[in-house]
Number of protein chains: 2
Amino acid sequence: MKTLSGFRMTAIAACAAIAFGASAPALADTDYSQYRDVFEPLPALPPIPADNSMTKEKIELGKMLFFEPRISSSGVISCATCHNPALGWADRIPRAVGHDGQVGERNTPTVLNSGFFTAQFWDGREDDLEGQALGPIQDAIEMAMPLEDAIERLEEFNEYQEKFQAAYPDYDGDNVINADHVAHALATFQRTLNTPNSPLDRWLVGDEGAMSEQQMRGMKLFADNGCVACHRGPALTDSHFHRIQVPGSEDEGRYLVTGEESDRFAFKTPTLRNVALTYPYMNNGETATLDEAIRIMGQEMLGMEFSDDEVADLEAFMHALTGDMPQFEIPALP
Amino acid sequence: MKTLSGFRMTAIAACAAIAFGASAPALADTDYSQYRDVFEPLPALPPIPADNSMTKEKIELGKMLFFEPRISSSGVISCATCHNPALGWADRIPRAVGHDGQVGERNTPTVLNSGFFTAQFWDGREDDLEGQALGPIQDAIEMAMPLEDAIERLEEFNEYQEKFQAAYPDYDGDNVINADHVAHALATFQRTLNTPNSPLDRWLVGDEGAMSEQQMRGMKLFADNGCVACHRGPALTDSHFHRIQVPGSEDEGRYLVTGEESDRFAFKTPTLRNVALTYPYMNNGETATLDEAIRIMGQEMLGMEFSDDEVADLEAFMHALTGDMPQFEIPALP
């Protein structure tokens, strides 16, 4: 993205700033309170499915499995390798690096707040976290371990036998360590990885000073220009699919799942929560900065050129979407 | 190891048990207090070198660098990949897996208590943690990043500029982010990764009930049979080199460093602190269990066959060497 269009966009943006006028409205002129109806504070927890209750035991087991590298065929890749807690629960490289150093096609999405999504993966090939959880374990370029091997590996540890039993006390089948239980535990742990209390959230519940003036201007631009049409709801994503072809990407996106022509090059709207922490951007991770990402989205999705000041205001607003990171201790694995 | 000699050793051990008599001495017969002079409790901190003072800022920076995958050429391997806090700060696989899935020759040693060692790596090719720190970053099968590239990568982040400045406030050279400073910060962080308060430590300072009777018997065997000749001092290693060729290993060990014939197949005595957590064992990681490791060491280093009961007692004592794990939070990286 930088090499392809960086110069062109800078030039266009400069012209746009002259043409549209770049001065920001004064705060005193604006009643921001109306925007309280446009956004939703992040709840403490996402919806919990009826068939996967959230229990302490399941969270604990899911956390262990999330950090467990021995369910990868190399023995060193865990969920936390790409969804790295030190890096906003993503990896901060363009495209995921997995088994034997293979590089995938897509940028790693953060797992933060992913329980609020109604579609998982960039292409929505799974609806929920239970469906998502087992994919990367088996994917040949990610953890590259057949599911039955992963289950067998876990069965070797008495401690996992105990933890699965504790997490699924009512299970009366033969093997308490099974694929469903792995998926349910991982999904349960991930539903705890939420980031409440961002400046936006605090402002929404009445803390007038939670966002800076520039962030408030960015919020207004975000709402008035229609960004919020797709980046909406508590996680600032509609979990729907929209066609976008960013430079450098030949990825056909959701078309590869549905075969529908209308889905060619369509990708799920990514969450904007913690977006300042989850660079680089876009499905191929080729967009390094928020500044670039905002200009591209304006052009590609809204057909407009934001002025430099508008981009700066929108970027400031993006920083108001960073919430409190989950507090947790790294589990001690058996 | 299992396939090569498992059966043979089991058979020998069974004979040995018959020959030597396998009954354990009764606790009442034994005055264990004399063994308080044989062992040393683990101090809270290892020696701090005069040219690398321990400061809060340096610890914090070193922790960030320890978890920083972007100083690897793939962008996903950090020190913590192989020295994984969830796995006893090691990796629990036979031989380390690094860049592009390449597998090394040797088992990953834990970094826990490594500040107490006076030689680093299995072959002692570095004396101290400062010397050790930069090796894996550059090693072609580990993180595979030229040092100058790693430094440049860090220089891109304002936050690292600030953290290095804070860690080295008196530095008046041109580039505060440099190799020495990276090494010193990593070494400083690692010197905080100590595990005091194991059952042995608690017993040594007067807690009579800290070890079980079996663990006390194991301690006696450990001392009386000469294990403690090499596994001595606060970290239960002499940091010296001893010749041992475990099955399946062609690794010439320290000979590759010194070229001295007497060093062929010599390896550094590994620490026994937390040894129950740092399986598998030996320089090639081919020994899966403590039971096996104890029998091999008896045969190879002491020329003796421990009875099954003796092995069980020694194994129990190994579990008395597990201390309190370092408490820390995963750092938020820039």
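Keep in mind it's a predicted model, so treat the numbers as computed, not measured.

### Overview of the UniProt feature "binding site: heme c 1" (unreviewed entry) in chain A
All names here are of chain A. In this numbering, the UniProt entry assigns the feature "binding site: heme c 1" (unreviewed entry) to C79, C82, H83 and H99. Note that C79 resides in helix α3 (residues 79-82). According to the relative accessible area criterion, C79 is buried, its value standing at 12%. Among all residues touching C79, those that are not within four sequence positions of it are L65, F66, M143 and L186. Its relative accessible area of 14% is what places C82 among the buried residues. Aside from chain neighbours lying at most four places away, what touches C82 is W89, A90, D91, A96, V97 and T108.

### A few points about the packing of aromatic side chains
Residues and elements named next belong to chain A. As enumerated under the stated definition, the model contains 26 aromatic pairs over all chains in all. Connected via pairs of aromatic rings, a cluster forms that spans F66, F67, W89, F189 and F328. The ring of Y255 carries the charged tip of R264 above its face, separated from the ring centre by 4.0 Å.

### Some remarks on the environment of E152(B)
With respect to the helices, strands and loops of the structure, E152(B) is situated in helix α6 (residues 147-155). Taking the C-alpha atoms as reference points, E152(B) and N178(B), 26 residues apart in sequence, are found 9.1 Å from one another.

### Description of the confidence of the model for chain A
In this model, chain A carries a mean pLDDT of 92, and residues with pLDDT of at least 70 account for 91%. Contacts from residues 1-23 of chain A, a stretch scored under 50 in pLDDT, to residues over four places away or in other chains number 29 contacts.

### Overview of the relation of the copies chain A and chain B
It takes a turn of 180 degrees to lay chain A on chain B, together with a shift of 0.0 Å along the axis; the resulting RMSD is 0.0 Å. Here the two chains are linked by the operation of a two-fold rotation axis. In terms of proximity to the rotation axis, the leading residue of chain A is D100(A), whose C-alpha is 2.1 Å off the axis. Taken together, the interface assignments show that 100% of the residues at the interface of chain A recur at the interface of chain B, consistent with an identical surface on both copies.

### Regarding the packing of helix α13 (residues 290-302) of chain A against helix α14 (residues 308-319) of chain A
Residue and element names in this part refer to chain A. The geometry of α13 relative to α14 is characterised by a closest axis approach of 9 Å and an angle of 115 degrees between their N-to-C directions. Comparing the axis directions of α13 and α14 gives the class roughly perpendicular. For the element pair α13 and α14, the recorded crossing hand is right-handed. Along the contact surface, α13 presents L290, D291, I294 and R295, while α14 presents D308, V311, L314, E315, M318 and H319. Here the residues of the contact of α13 with α14 sort into 5 nonpolar, 1 polar and 4 charged.

### Some details on the packing of helix α10 (residues 213-224) of chain A against α14(A)
All names here are of chain A. Running from N to C, α10 and α14 point in directions that differ by 105 degrees, and their axes come no closer than 7 Å. Looking at the two axes, α10 sits roughly perpendicular to α14. When α10 is examined against α14, the residues Q214, Q215, R217, G218, M219, L221 and F222 are found in contact with a partner set consisting of E310, A312, D313, L314, A316, F317, M318 and H319.

### Points about the UniProt feature "binding site: heme c 2" (unreviewed entry) in chain A
All names here are of chain A. Per the UniProt record, the feature "binding site: heme c 2" (unreviewed entry) sits at C227, C230, H231 and M297. Taken together, the annotated residues stretch across 71 residues yet fold into one region, lying no more than 11.5 Å apart by C-alpha. Secondary-structure assignment places C227 in helix α11 (residues 227-230). Contact partners of C227, with chain neighbours within four places excluded, come to F222, L302 and F306. Assignment of secondary structure puts H231 in the loop between α11 and β1 (241-243). Exposure remark for H231: the relative accessible area of 10% places this residue in the buried category. Beyond its immediate stretch of four places on either side in the chain, H231 contacts F222, L236, T237, T269, P270 and L272.

### A short note on the interface of chain A and chain B
Counting from both sides, the interface comprises 25 residues of chain A and, opposite them, 25 residues of chain B. Between chain A and chain B, a total of about 2,000 Å² is buried, with carbon and sulfur atoms accounting for 61% of that surface. It is V76(A), A86(A) and I330(A) in chain A that bury the most area against chain B; as a group they hold 26% of the surface buried on that side. Put simply, chain A and chain B have 0 salt bridges between them. Applying the counting criterion to the chain A and chain B interface returns 10 residue pairs in polar contact (both at pLDDT 80 or more).

### Regarding the domain arrangement of chain A
Residues and elements named next belong to chain A. The assigned domain composition of chain A is domain 1 (2-44 + 195-319) and domain 2 (56-190). Averaged C-alpha coordinates put domain 1 and domain 2 at centres separated by 30 Å. Taken together, the contact between domain 1 and domain 2 spans 29 residues of the former and 22 residues of the latter. Together, the buried faces of domain 1 and domain 2 total about 2,100 Å²; carbon and sulfur atoms form 59% of this surface. Here domain 1 and domain 2 share 2 salt bridges between them. Across the pair E286 and R95 runs a salt bridge, and its minimum N-O distance is 2.9 Å.

### Digging into the pattern of salt bridges
Counted under the stated rule, the structure contains 34 salt bridges over all chains. Across the pair R106(A) and D251(A) runs a salt bridge whose closest N-O atoms are separated by 2.7 Å. Taken together, the positions of R106(A) in the loop between α3 and α4 (129-133) and D251(A) in the loop between β1 and α12 (255-258) put the pair 145 residues apart, joining distant regions of the chain. For the pair shown, R106(A) and D251(A) are each scored as buried. Salt-bridge contacts for D201(B) lead to R273(B); the nearest nitrogen and oxygen are separated by 2.7 Å. With a gap of 72 residues between them, D201(B) in helix α9 (residues 199-204) and R273(B) in the loop between β2 (266-268) and α13 (290-302) connect regions that are remote in the sequence. R273(B) matches D201(B) in its accessibility class, with the two residues each being buried. Counted as one network, the salt bridges with shared partners bring together R106(A), D123(A), R125(A) and D251(A).

Rules used in this analysis
Residues numbered from 1 in each chain as written. Chains lettered and ligands numbered in written order. Predicted model: local features only at pLDDT ≥ 70, side-chain atom pairs only at ≥ 80, totals over all residues. Heavy atoms only, no water. UniProt positions renumbered as here; feature names shortened; annotations may be inferred. Helix = DSSP H or I, 4+ residues; strand = E, 2+ residues; numbered from the N terminus. Buried < 20%, exposed > 50% of the residue type's maximum accessible area, 1.4 Å probe, protein only. Contact = heavy atoms within 4.5 Å. Phe/Tyr/Trp six-rings, centres within 6.5 Å; stacked < 30°, edge-to-face > 60°. Lys NZ or Arg CZ within 6 Å of the ring centre and 35° of its normal. pLDDT = per-residue confidence, 0-100. Least-squares fit on C-alpha atoms with pLDDT ≥ 70 in both. Axes fitted to C-alpha atoms, helices over the stretch in contact; angles between N-to-C directions. Parallel < 35°, antiparallel > 145°, perpendicular 65-115°, else oblique. Left-handed = near helix turned anticlockwise from the far one by under 90°. Nonpolar A, V, L, I, M, F, W, Y, C, P; charged D, E, K, R; others polar. Buried area = accessible area lost by both parts, 1.4 Å probe. Salt bridge = Lys/Arg side-chain N within 4 Å of Asp/Glu carboxyl O. Polar contact = N/O pair within 3.5 Å; in protein donor to acceptor, adjacent residues only side chain to side chain. Domains from an automatic or database assignment.

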